[in-house]
Amino acid sequence: MPVSLLWAVDVYGRVYSLSTAGQQWEQCRDAQMEFKRVTAAQQCCWGIACDNNIYLNVHASDLPVRYQEETYENQRWNPVDGFSDRLLPSDRWQLSDVTGLQHQPLDNFRLPSSSWEWEGDWYVDENFEGEPTEKEGWSYAIDFPATYTKDKKWNSCVRRRRWLRYRRYKAMDTWAKIPSQQTTLPDPFSDISCGGWEINEEPRGRLSLWAVSLQGKVWFREGIYHHNPEGSLWEEVPLPGEVVQISCGPGDLVWAVLWEGQLIVREGIGRDCPKGTSWAMVDSPSPDVGATHVAVGVNVVWALTKDNKVWFRRGVNSHNPCGSGWISMVGEMIMINVGLNDQVLAIGSEDRAVYFRQGVTSSELSGKTWKVISVPRDGDRSHSSASAHSLQSAGCYFCGEVRAQSLVSDVESDTEKGSTDGASCIITSSSPESFVDAPTEHSDQPIETPKSRIPKVTSDSFISELVSDRGPGKTSREVRSAGPAVLEEETIPLEGEVKAPDVGVSLSPSQSVGPLDPQWSNVDLEEAQGQQAQTGAVVDTADTSSLSSVATFTLAMEDPYGVDEHPMWAWVSGGGCSVDSHTQLNWFNCSMNTSSMVQSVQSMSLSVTPAQTAAWRKQIFEQLSERTKREMDNFRHYEQAIEQSVWVKKGTMQWWRDWKPHKWIDVHFALEQFSGPEGNKDGILFIYYNFYEEKKYLHAFVNEVTILVPVLNDSKHSFAIYTPERTKQRWPIRLSAATELEMHDWLALLSVSCCDSRGIQGPPSKQAIWSITCKGDIFVSEPSLSLEAMPYPTPCDQMFWRQVGGHLRVVECNSIGIVWGIGYDHTAWVYTGGYGGGFFQGLASSTDNIYTQVDVKNVYIYENQRWNPVTGYTNRGLPTDRYMWSDASGLHECTKTNMKPPSPHWTWVSDWTIDYSVSGGTDKEGWQYAADFPASYHGHKTMKDFVRRRRWARKCKLTTTGPWQEVPPIPLSDVTILPCAAQSSVDVVPLWAISNKGDVLCRLGVTALTPAGSSWLHVGTDQPFKSISIGAASQVWAIARDGSAFYRGSVSSQSPAGDCWYHIPSPSKQKLKQVSVGRTSVYTVDENGNLWYRQGVTPSYPQGSSWEHISNNVRKVSAGPLDQVWIIADKVQGSHSLSCGTVCHRLGVQPLEPKGQSWDYGIGGGWDHITVRGNSMEPPRVHLPSLTERTPLPVRNTEINSSAVGC
Amino acid sequence: MADDKDVLRDVWFGRIPTCFTLNQDEVTEREAEPYYLLLPRVSYLPLVTDKVKKHFLKVMKAEDVEEMWLEYEGTPLKWHYPIGVLFDLHASNTVLPWSITVHFKFFCPLVAKKLQYRDLLHCTSNSVIEAHFMSSIKEADALKHKSQVVNDMQKKDHKQLWMGLQNDKFDQFWAINRKLMEYPTEEGGFRYIPFRIYQTMSDRPFIQKLFRPVSPEGNVHTLGDLLKEMYPAALPNDGEQKRYQVVIHGIEPLLETPLQWLSEHLSHPDNFLHICVIPTPTD
């Protein structure tokens, strides 16, 4: 799992972040000023600073945030000038937008804010619909508006071309002020919350940002996308009351707290309407005590009441955002926040420590216990001088509120001793005597103990603000009206209040703090740094103090130096912090909890520095190998003291019996292991069964087993065992264990046994062949030297495959051991060099480089309806119709309730939602129409349509472990690595990828030592791409989403991204979908399963001349560095059964015959992906001149010639 | 760099080349040839000397045979110490193979002087070793996990540990022993580290006390910390020549090595970390 950050603000307004892999709070040094609140997403963090402006900190990522501005230049032909910019009066502007309606001269384009910069100047786009134009990028038409073509025709009267300019967001990793909106923002913001990134399928970067102003209004920030991280404008959201705090979850939950203590819930938030439509009211958890704070996640709502009690809302989901009832939880908190995966963070009301809710899982959303996060802060050591300074400045910046608050809190400590939590606060009108005490107390304090002046600042003063003002209506009214005046710099005096000279803090005439002022100003003048602070102090009033009153911290009262003891937090945000119940955190080192024994031999969470680690570990490794030399190497001929004997493990399982009718029967299963004559290990597996009352058994030698495939489904924990014979039959031994655990134990044991018998140990070699099943399981095979030999290659069905932990959809490798994978959720992963993970435990797994891996995929069901003349579309179909809720085929009934995740490993993480991204398009409600079932569907209703369907999707998540580390942040759909061997481990290896959106990317800094590389280089294209491959001599081929191929020109080590795309027409009437480039061969697969070979590719003309059909029923192709060709084929007939998704190897590939002759069939079905691009081992050369003429090849189980795969 | 798992393998498959010779005083029918064997460092002498016994019995009369015991340069070898510990303690820095003298009688004056050894040398059957081995594992788990792990195991798991050791089955043993090496992540280690410190210079058999892998302040304890507390003399003083070697499995780990890591990786199958402190050879 990648590292992510938890953000927090301490009571002095300093911003800190804590990494999920870290053990200390890192101060955000960049923050020039103090912050009041922060709200984080994974890619950025928003905050309200003490100047009341909103700031945005976009985390630097590999892909720059860039935005393409475009404008069109339009010209008309006239007989005199030819094409010129003299247009007809009725025509569009010379420079306009694509529609022609908007006048857009080049110099009209401005940078949206100072956080942006231009990447370059305007230039003409010379491509048109994926093809290069003749010259200057013109496209022609008869008239405006019409269809444009790239060729000039006799009737082309107008032409246009596109001008492009990119701007780039430059304010990465720094707090950039969001320009305020002069016109409509009357008052400063007091709360902010971001979320909503899961509402729709927009790529990462889209956010909903909600803000609350001091007057209690709610604002929604429009237009926040990846390309526009700042958003465009604030829109006010109408309210039923006045809001004090708001919380927005990753999905469609938005809750807010009203001044009066009730809660409101936003309804109608959806894919097309992130802002929602209306509010629903929910009462405070406790009738007498109002709510003060709310925090929402995907499916949870937590709230705090004025008495600091914690509440959990039952039954919340996206259909019922209001939930059903409150449950009281333990703990007293002042602030609460829900992070990713519904994990909960809170700040204790007593100790102001950050608490993490342990044990929150999707099935137990309320978690188990509060656990304090106790890690040091990076500044803690040098605290005394440095932070004293910052405290002081904090005090200044927080002007009015700060001082007022410290005054009140001290007062309170005297009058109401012991009430130290933030909720107990003073309301001016109700406790006048406390202000009588205040002066005396305070006039002494600064003089006697200057240190106690450490301001009891809080950046969460607003929380407490609302707490304090729940009182007589009048008070709160008054306070609120005063609120903005206090905080705004250019204040308009309100209702007779006195305006202070500089800052404009209002002084209520009724208050009697006058005598105090000199004292305060004296103190402040000594230490203050700015005028601002001074004046702030002078005009402090009891009224403002009650307004911002607050959080009465005990630290200064009890112990002026208490700050050093432990940090006091004011605000925390987990919106960017990806933690779940599996994550191992090092945040709790001080607290010992003996409750659970975690399975972790590896977790060495010891605070030993890496340098030391290296030294002592290295010493042990070296000495052990010395010891072996000293004590064993010369004595190998000695007899071993212990003879190896047979070891048997037995168990009971179910077996899918070989004879008809096939069914599961109970069997005894045994694995006998023994040492072979040369000390190598071997074994036999036995399946003892009854055949008509007769005891029989089936056996297989462990050294013949070629693969163990887990086949988990919702009813059986089963796995399949293949031998070469069984592969030919397409009929494995299928066994099923009683429990998942038992299955994993057996699989791990059998796998170790198989590896031992073949002498395979440790991580896969650099030459390894990687493949993936349709379940996302990853397998790897060590190629033998003779795998690509001519004329007798190793038969494909004899290859031994072993599993590697993790879950992927695509894997690609090269011959120096760089391996990348892509998950179902399009996350990119890089191989760490380990082995094992997943169910492999203990010795079958490496420890240092196994990480948690999460994958998410959608499960789809279809809602089907038929039209009838009376009621229109209803769910009443014809008797012959499919189920009204079904799978895609319509053959199986699939309802929302009976549908289960694909296997027990998967858990639902969302509710059913309508899927609008179906091919063919949908209407607004997601329906697709057709004349009848089954037929081709389209996205709008016509007269001929009588049925309609729509697709529902539900996300499920799998958490596993494997030797993979995430390469954030860009989701990918394809990746390719140059297969050829690099000269050294620091040589840069070209790696290209296609992003989920179809952008072509080039990874920089990839070497054998740093396989993850450093950053992405964006390669411009005119249309989205879907497949890419780089072969020897830097030939880069790609397939666009429209099914055509492109060749990238001039790619070299000097110019890793090349210069331009050459369009290569696809085979006639076929849309290509995948490409793979070997040493010289270029193979593509089209959407109809045809495999094509590119003819005529030469060094001087790398684009080749034409496509030659090789085979059909092909799903995927991988061409390797030896020009070897492997495919995943469908419909392979075995002697017992037919299989889809079978690994096949092209035989007879030779330098002069790169297309090969026939297919050899390997493991399958159920395979989805293979890459042979790591295998660059030249086979030993065998010269058998007499055999070269002889065909067919003497390899069993092959068929001759191209259409072989079909049947 | 190699994986930590490889350490487990190296430790398990450590072998000491040994030459067994029959004691001069034994009565034989003909001359006894020496017998050469690779002894597993992690095993116990009675488990691996069946072949030795058979070899020498061939040249002896049945009536001259009492019980076999072994001795190295005048020191009787205790059966209940792991072989590697015996070797490191008595014979490290000597020429290989390790030369062990085989006795079949208890009458020699050497043993008469050290009668207390008789018990320690007396081992009637493998079940006695099994009992000793299992009680060590239980003791170690009591220290590591308040016995929770070993008590949660089934009888067959215990058996598998023992059979793994007896038959030199690394995978079989570690399939179970893995569980004994787990600990709650947040604690950073076991409750106490099961260790024994042996010394040649003392009559005390070994030092064994309670010692935690992590200090109350959260610092990781190292091998050096342990020795400072248990056996300060073993540590070299500033500027002084190193007087003692601290040997585990025939190697000298750096004193900075975290104790928890040592316990997980360099413990013997009985789950104890056996540390030998021996004088630095003076040549």
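Position labels on residues start from 1 in each chain and follow its written sequence. As they are written, the chains are lettered A onward and the ligands numbered 1 onward, keeping that order. Restriction of local features to residues with pLDDT of at least 70 applies here, the model being predicted, together with a cutoff of 80 or more for giving and counting side-chain atom pairs; totals for whole chains, interfaces and linings are based on all residues. The side-chain numbers reported here are obtained from all heavy atoms of the structure, hydrogens and water having been left aside.

Draft legend 1. Representation of the overall build of chain B within the structure. Starting at the N terminus, helices and strands are each numbered in turn, a helix being any DSSP run of H or I of at least four residues and a strand any DSSP run of E of at least two. Counting secondary structure elements, chain B contains 12 helices and 9 strands. Burial analysis of chain B (283 residues in total) assigns 62% to the buried set. Whether two residues touch is decided by their heavy atoms; if any such pair falls within 4.5 Å, the residues are in contact. Across chain B, contacts joining residues at least 24 apart in sequence account for 70% of those joining residues at least 6 apart. Summed over its atoms, the accessible surface of chain B is roughly 11,700 Å², and 49% of this surface lies on carbon and sulfur atoms. Each residue gets one of three labels from its accessible area relative to the maximum for its type: buried under 20%, exposed over 50%, partly exposed in between, using a 1.4 Å probe on protein chains only. Accessible surface is estimated by sampling points in the Shrake-Rupley manner with a 1.4 Å probe; for residues, cover comes only from the protein chains shown.

Draft legend 2. A look at the nonpolar core. The set of buried Ala, Val, Leu, Ile, Met, Phe, Trp, Tyr and Cys residues whose side-chain atoms join them within 4.5 Å is what this entry labels a nonpolar core. One finds Phe20(B), Trp98(B), Val102(B), Phe133(B), Ile197(B), Leu262(B) and Leu266(B) to be the most contacted residues of the largest nonpolar core, which totals 90 residues. Counting residues per element, this core draws most heavily on helix H4 (residues 83-91) of chain B, which supplies 6 residues. Leave out the neighbours within four places in its chain, and Leu262(B) touches Ile620(A), Leu223(B), Ile248(B), Pro253(B), Thr257(B), Ser267(B) and Leu273(B).

Draft legend 3. Here's a closer look at the interface of chain B and chain A. With 68 residues of chain B at the interface, the matching set in chain A holds 51 residues. Accessible area, probed at 1.4 Å, shrinks when two parts are joined; the buried area is that loss added up over both. For the pair chain B and chain A, the two sides together bury roughly 5,700 Å², of which 58% comes from carbon and sulfur. Between Lys or Arg on one side and Asp or Glu on the other, a salt bridge is scored when a side-chain nitrogen of the former is within 4 Å of a carboxyl oxygen of the latter. Taken together, the connections running from chain B to chain A amount to 2 salt bridges. When the shortest N-O distance is used, the salt bridge between Lys51(B) and Glu639(A) registers 2.7 Å. Under this definition, polar contacts are N or O atom pairs within 3.5 Å; protein pairs additionally need one hydrogen-donor-capable and one acceptor-capable atom, and for neighbouring residues in sequence, both atoms have to be side-chain atoms. Our count for the chain B to chain A interface comes out at 11 residue pairs in polar contact (both at pLDDT 80 or more). Every element with two or more residues in the side of chain B that touches chain A is listed here: helix H1 (4-12), strand S1 (15-22), strand S2 (35-40), helix H8 (148-152), helix H9 (155-166), helix H10 (170-180) and helix H12 (259-265) of chain B. At 8 residues, the largest contribution of residues to the side of chain B that touches chain A is made by H1(B). Residue composition of the side of chain B that touches chain A, grouped by class: 33 nonpolar, 16 polar and 19 charged. Side-chain classes follow a simple rule in which Ala, Val, Leu, Ile, Met, Phe, Trp, Tyr, Cys and Pro form the nonpolar group, Asp, Glu, Lys and Arg form the charged group, and the remainder, Gly included, forms the polar group.

Draft legend 4. Layout of the UniProt feature "domain: Peroxin/Ferlin" (unreviewed entry) in chain A. Following the UniProt record, one finds the feature "domain: Peroxin/Ferlin" (unreviewed entry) at residues 64-125, 137-170, 854-915 and 926-959 of chain A. Note that residues 137-170 of chain A is 0% helix and 44% strand, and that its end C-alpha atoms are spaced 30 Å apart. UniProt positions are given in the numbering used here, feature names are shortened, and annotations may be inferred rather than shown by experiment.

Draft legend 5. How the structure looks around the pairing of strand S60 (residues 1035-1040) of chain A. Residue and element names in this part refer to chain A. The element S60 is largely enclosed, with a buried count of 6 among its 6 residues. Burial along S60 is two-sided: Gln-1035, Trp-1037 and Ile-1039 and Val-1036, Ala-1038 and Ala-1040, pointing in opposite directions, are all buried. Two strands are counted as paired when DSSP detects at least two bridges linking them. Relative to S60, strand S59 (residues 1025-1031) is paired through 6 bridges, and the arrangement is antiparallel. Considered in S60, the bridge of Ser-1029 is made with Trp-1037. Here S59 folds back onto S60, and the loop between the two strands holds 3 residues, one of which, Ala-1033, carries a positive phi near 55°. Where S60 lies against strand S61 (residues 1045-1049), 4 bridges are found, and the strand directions are antiparallel. Following the sheet pairing, Trp-1037 is matched in S61 by Tyr-1047. Taking the residues between adjacent antiparallel strands as the criterion, S60 and S61 are bridged by 4 residues, where Gly-1043 takes a positive phi near 95°.

Draft legend 6. Just the environment of Thr280(B), in detail. All names here are of chain B. Within the fold, Thr-280 resides in the segment after strand S9 (273-279). Sequence separation between Thr-280 and Gln-241 is 39 residues; the distance between their C-alpha atoms is 9.4 Å. When near neighbours in sequence (up to four residues on either side) are disregarded, Thr-280 contacts Lys-242, Arg-243, Tyr-244 and Gln-245. Looking at Thr-280, its side chain comes within polar contact range of the main-chain nitrogen of Tyr-244, at 3.2 Å.

Draft legend 7. Just helix H7 (residues 126-145) of chain B, in detail. All names here are of chain B. The span one expects for a helix is its residue count, reduced by one, times 1.5 Å. End to end, H7 covers 28 Å across 20 residues, agreeing with the expected 28 Å (1.5 Å per residue, within 8%). Lining the buried residues of H7 we find helix H2 (45-48), H8, H9, H10 and strand S6 (195-199). Positive backbone phi, at 50°, marks Lys-146, one or two positions downstream of H7.

Draft legend 8. View of the packing of aromatic side chains. Here is the rule: rings of Phe, Tyr and Trp (six-membered ring for Trp) pair when centre to centre is within 6.5 Å. Planes less than 30 degrees apart are stacked, more than 60 are edge-to-face, and the remainder are tilted. Enumeration over the complete set of coordinates arrives at 55 aromatic pairs over all chains. Geometrically, the ring pair formed by Phe691(A) and Tyr692(A) is edge-to-face, given 4.7 Å between the ring centres and 70° between the ring planes. Cluster of aromatic residues (ring-pair linked, three or more members): Trp655(A), Trp659(A), Tyr689(A), Phe691(A) and Tyr692(A). The ring of Trp279(A) has Arg266(A) sitting right over it, with the charged end atom 4.8 Å from the ring centre. A cation over a ring is seen here: Arg196(B) above Phe272(B), with NZ or CZ 4.1 Å from the ring centre. Either the NZ atom of lysine or the CZ atom of arginine qualifies as a charge over a ring when it sits within 6 Å of the ring centre and within 35 degrees of the ring normal.

Draft legend 9. View of the sheet that holds strand S65 (residues 1091-1095) of chain A. All names here are of chain A. Spatial strand order, S63-S64-S65-S66: 4 strands in an open sheet with antiparallel pairing. Since the sheet does not close on itself, it has two edges, and those belong to strand S63 (1072-1077) and strand S66 (1106-1111), each with one partner. Across this sheet, the average inter-strand angle for adjacent strands is 30°, counted without regard to direction. Sheet topology places S63 next to strand S64 (residues 1082-1086); 5 bridges connect them, and they run antiparallel. Across the sheet, residue Val-1075 finds its bridge partner in S64, namely Thr-1084. Axis definition: a line fitted to C-alpha atoms, over the contacting stretch in the case of helices. Angles run 0 to 180 degrees between N-to-C directions.

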